[in-house]
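Structure assessment
Letter by letter, the chains look like this.
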Amino acid sequence: MRQYPSQTRPAARPGFDLMTSKLRRPAARPGTIPRSALIGRLAAGGSPPIVSVVAPSGYGKTTLLAQWAARDGEAFAWVSLDDRDNDPKVLLSYVAAALDSVQPVGDQVFEALASNTSSVPGTVVPRLGSAFWSMTAPVVLVLDDAHLLWNTECRDALSVLADHVPPGSRLILAGRDTPPLRIARLRVEGRILEIGPAELSLSRQEAASLLHAADVPLGDDDVAALHQRTEGWAAGLYLAALYLREGGSVQGAEDAFGGDDRLVSQYMESEFLGRISARHREFLTRTAVLNRMCGPLCEAVLDQPGSAAELAELVRSNLLLVPLDRRGFWFRYHHLFRDMLLAELERLEPGLLPVLRRRAAAWCEANGLPEEALEYAMAAGDVDAAARLAQSLWVPTDRQGRFVTLQRWFRWLDDRDGIARYPLIAVWAAVLAAETGRPAQAERWADIVDSWQYGDSSRPADPVTEAWAGVLRAIMCRRGVEQMRTDADEAVRKFTAANTMTPVAPLFQALARILSDDHDGSDALLEDAVRIAEEVGAHEVQADALCERSLLAMANGDWSRAETLAAQARDALRPIGMEALLASAVLARAAVYRGDLTAARRELVSAQRLRPLLTYAIPHLAVQARIQLIHVHLAFADIAGARTLLREIEEILKRRPGLGTLVDEALELRARLSAERGPATPGMSSLTTAELRVLPMLATHLSFPEIGAEMFLSPHTVKSQAMSIYRKLGASSRNQAVIRSRELGLLEGIAP
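Before going into details, it helps to say that this report is about the structure given with it. (Residues numbered from 1 in each chain as written. Predicted model: local features only at pLDDT ≥ 70, side-chain atom pairs only at ≥ 80, totals over all residues. Heavy atoms only, no water.)

What about the nonpolar core?
If you look at soluble globular proteins, the nonpolar side chains tend to sit buried side by side. Ranked by internal contacts, the top residues of the largest apolar core, which has 148 residues, are L290, Y333, F410, L413 and F508. With 11 residues, helix α22 (residues 423-435) is the largest single contributor of residues to this core. F410 has contacts with W394, I419, I425, W428, A429, L432 and W445, leaving out every residue within four places of it along the chain. Counting 46 residues, the second largest nonpolar core, distinct from the first, contains A98, F110, F132 and L181. (Core = buried A, V, L, I, M, F, W, Y, C linked by side-chain atoms within 4.5 Å. Buried < 20%, exposed > 50% of the residue type's maximum accessible area, 1.4 Å probe, protein only. Helix = DSSP H or I, 4+ residues; strand = E, 2+ residues; numbered from the N terminus. Contact = heavy atoms within 4.5 Å.)

Description of the packing of aromatic side chains
Tallied over the entire structure, the rule returns 9 aromatic pairs. Each ring, one from F329 and one from W330, has its centre 5.5 Å from the other, and the planes form 85 degrees; the classification is edge-to-face. Look at W330 and you get buried, because its relative accessible area is 11%. Consider the rings of W468 and F495, whose centres lie 5.0 Å apart with planes at 75 degrees: the pair is edge-to-face. Of this pair, W468 sits in helix α24 (residues 463-476) while F495 sits in helix α25 (residues 480-497), and the two are 27 residues apart along the sequence. For W468, a relative accessible area of 7% puts it in the buried group. Since its relative accessible area comes to 3%, F495 is described here as buried. Every member of this aromatic cluster is reached through a ring pair, and the members are W394, W428, W468 and F495. Here R444 stacks its cationic end above the ring of W445, 4.5 Å away from the centre of that ring. (Phe/Tyr/Trp six-rings, centres within 6.5 Å; stacked < 30°, edge-to-face > 60°. Lys NZ or Arg CZ within 6 Å of the ring centre and 35° of its normal.)

A closer look at the sheet that holds strand β2 (residues 75-80)
The strand order β2-β3-β4-β1-β5 describes an open sheet built from 5 strands, whose pairing is parallel. Across the chains shown, the open sheet's two edge strands, defined by having one partner strand only, are β2 and β5 (192-195). Shown here is a sheet whose adjacent strand axes are inclined to one another by a mean of 15 degrees, direction ignored. Pairing of strand β1 (residues 50-54) with strand β4 (residues 170-175) involves 5 bridges; the strand directions are parallel. Opposite V54, over in β4, you have G175 as the bridge partner. Together, β1, β4 and β5 form the strand contacts of helix α1 (residues 36-43), whose direction differs from that of β5 by roughly 165 degrees. (Pairing = 2+ DSSP bridges. Axes fitted to C-alpha atoms, helices over the stretch in contact; angles between N-to-C directions.)

Notes on the pattern of salt bridges
The tally for this structure, following the rule as stated, stands at 45 salt bridges. Note that R408 is salt-bridged to E375, the shortest N-O span being 2.8 Å. Highlighted residues: R408 in helix α21 (residues 403-415) and E375 in helix α19 (residues 370-379), separated in sequence by 33 residues. One salt bridge in this structure joins E443 and R478, with 3.5 Å as the shortest N-O distance. On the criterion of sequence distance, the pair formed by E443 in helix α23 (residues 439-454) and R478 in the loop between α24 and α25 is long-range, its members being 35 residues apart. Under the relative-accessibility criterion, R478 is labelled partly exposed at 22%. It is possible to trace a salt-bridge network through shared partners that takes in E443, D447, D450, R473, R478, R479, D487 and R656. (Salt bridge = Lys/Arg side-chain N within 4 Å of Asp/Glu carboxyl O.)

Considering the layout of surface pockets
Of the pockets and cavities examined, the second largest pocket occupies roughly 1000 Å³. D82, D83, L148, N291 and R338 are the residues nearest the centre of the second largest pocket, which is lined by 38 residues in total. Looking at the lining of the second largest pocket, the elements with two or more residues in it are β6 (321-323), β7 (331-333), α17 (335-348), α19 and α21. Examining the composition of the lining of the second largest pocket, we find that 5 residues originate from one element, α19, more than from any other. Here the lining of the second largest pocket is built from residues that sort into 16 nonpolar, 6 polar and 16 charged. (1 Å grid on protein atoms, 1.4 Å probe; cavity = no way out; pocket = protein on both sides within 12 Å on 5 of 7 lines; lining within 4 Å. Points joined across faces, edges and corners; volume = space filled by probe spheres on them. Nonpolar A, V, L, I, M, F, W, Y, C, P; charged D, E, K, R; others polar.)

Honestly, it's all geometry; don't read function into it.
Dropping the structure here:
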């Protein structure tokens, strides 16, 4: 139900373009102090598989790890984390790419990451964990700035991966806060080495070396006094060296750099920035709004020629800039330094912040960095620019399965009343919610679209958005199949008038006719939908249309053609790593017809995994698939499984009673099941949609209350559903339920 560009993503690659600088191991820079003793401790044979490096900013965490990585003999995979990694598909794509640079992790990992339908805890983490565990050569995986991860699913994914570090390899998490691991358990098991401020603090000799390297010769007594006052804090010592080099006194340095960010901030305000020229001060504070910078970006943001040369001079003069590529084009400030420069900018020129960020957004957009432009626009509070960029980024971001990122953008706009002025975004938000199994959210967004379209007769015409609004109404079928037909026909007229080609409209024209028991021309419309979908690369629409053609063939008794079309639907989704519930249901039924019960059972398991995604928000597909699955369960004399599916159909029909011929099919199945008197003992097949949603979360390290918070359920509801899952799987504990689910194929396995 989405329209995509025609190119197909190559296999074994992340679903989106990664920022390569995040995967680049920082170079050990000249002028830094070798931490040989600490590196020896980290690299020692038999060391624990997990290393936690936790300290406030400026203690040299990244420098230590970069020096270790620079030594010969060990393979390093490196990810520098930032706020945008709080999307599990994004975070794990970077982790997979980092590991893949050392040893291939396999196509299946990237297929799961790129898939719109894959479960992170149920599929992505197990595949990535197994690939990590199976690596034959030792690797050190470094996740720097791990304190920036606040997303629960991301944090739990790392906790699970920490249980699957292969022998001889290491997982390093560096940051300002305790990493998202089960620290107490790791300590008891002796599986973690913890490096903190005490270990990272420079010795007196190292402090003397740092001052000497900065061309600040001091006597032993002055070095000792400064070392004692800073408590070996590397950032304090380095800033003190800059202060002394500018003519400050030793006593002044001791007073300003006592290992306290507040005191250093006061120094920044009263001494460091006060001693440099106004031009340099403006450059430093104003470019602090940038997450990363290059010469042309600095010139655009400052609106001053010569800024690129100023950046180059700053690069040569001190260690407060971190290079991000080997060309020396992109840089960022040291985190501590940037925080303090931003604080100074907010104090002196608060009104300039949004202006600078808007300029950064404009430069990024003009230079092919639309997502960075969107983030700057949001930071600037520029709702119009953010909405326009989000609208253009929706298709590729959705295709990449980065739903958490999309939801964050939509929430930001919604909180600032940005959706009402950009109704097409509300359409996309409703489609996203519908296709990810969140029907209540889909309803809310759809109401906003209807209010825009019908609530204000004076609004200007917008044929394209009105056409997509008609498609949305057809998808959700909230007013029955007759209105669905009207909406689909209207969408076709408006798309034609706007000279827009999309396969979605003919698909729903055909569906509305089929559900109205009017098959004249429906197969031709479906053929058109398949053809257009192939031309524009709309894989999901192509698969939906092929599935509907398969059902028509089945209704005509042409089982061979039905199976062929369903297999084509599955093949259409393979380039984007997706599966379709309806295709699995039709293939299961065709397998039963030709007597291949093993294949039928395999398709049933696949359908179980996908069922939570199809709700009353896409009612025709949800009911069609369940009807086909009921027939398969009846063929296996599985009355409990069939009745579970029928109950779900009846719940959908309560909300969407106008589904035409599907209502009659459901009534026929209800009558047939009422006549069945066989055993109906609940088992795996009788897991409800709600239970199937909770099941992958049982494989995480989250407690029931944490699972509830993540899924917006009460802890009691989570516990009740978990107990029901245990009972149906014949398990007596959470761990047994996970093991049993992996044996059955409901969850993917993970070694060891």
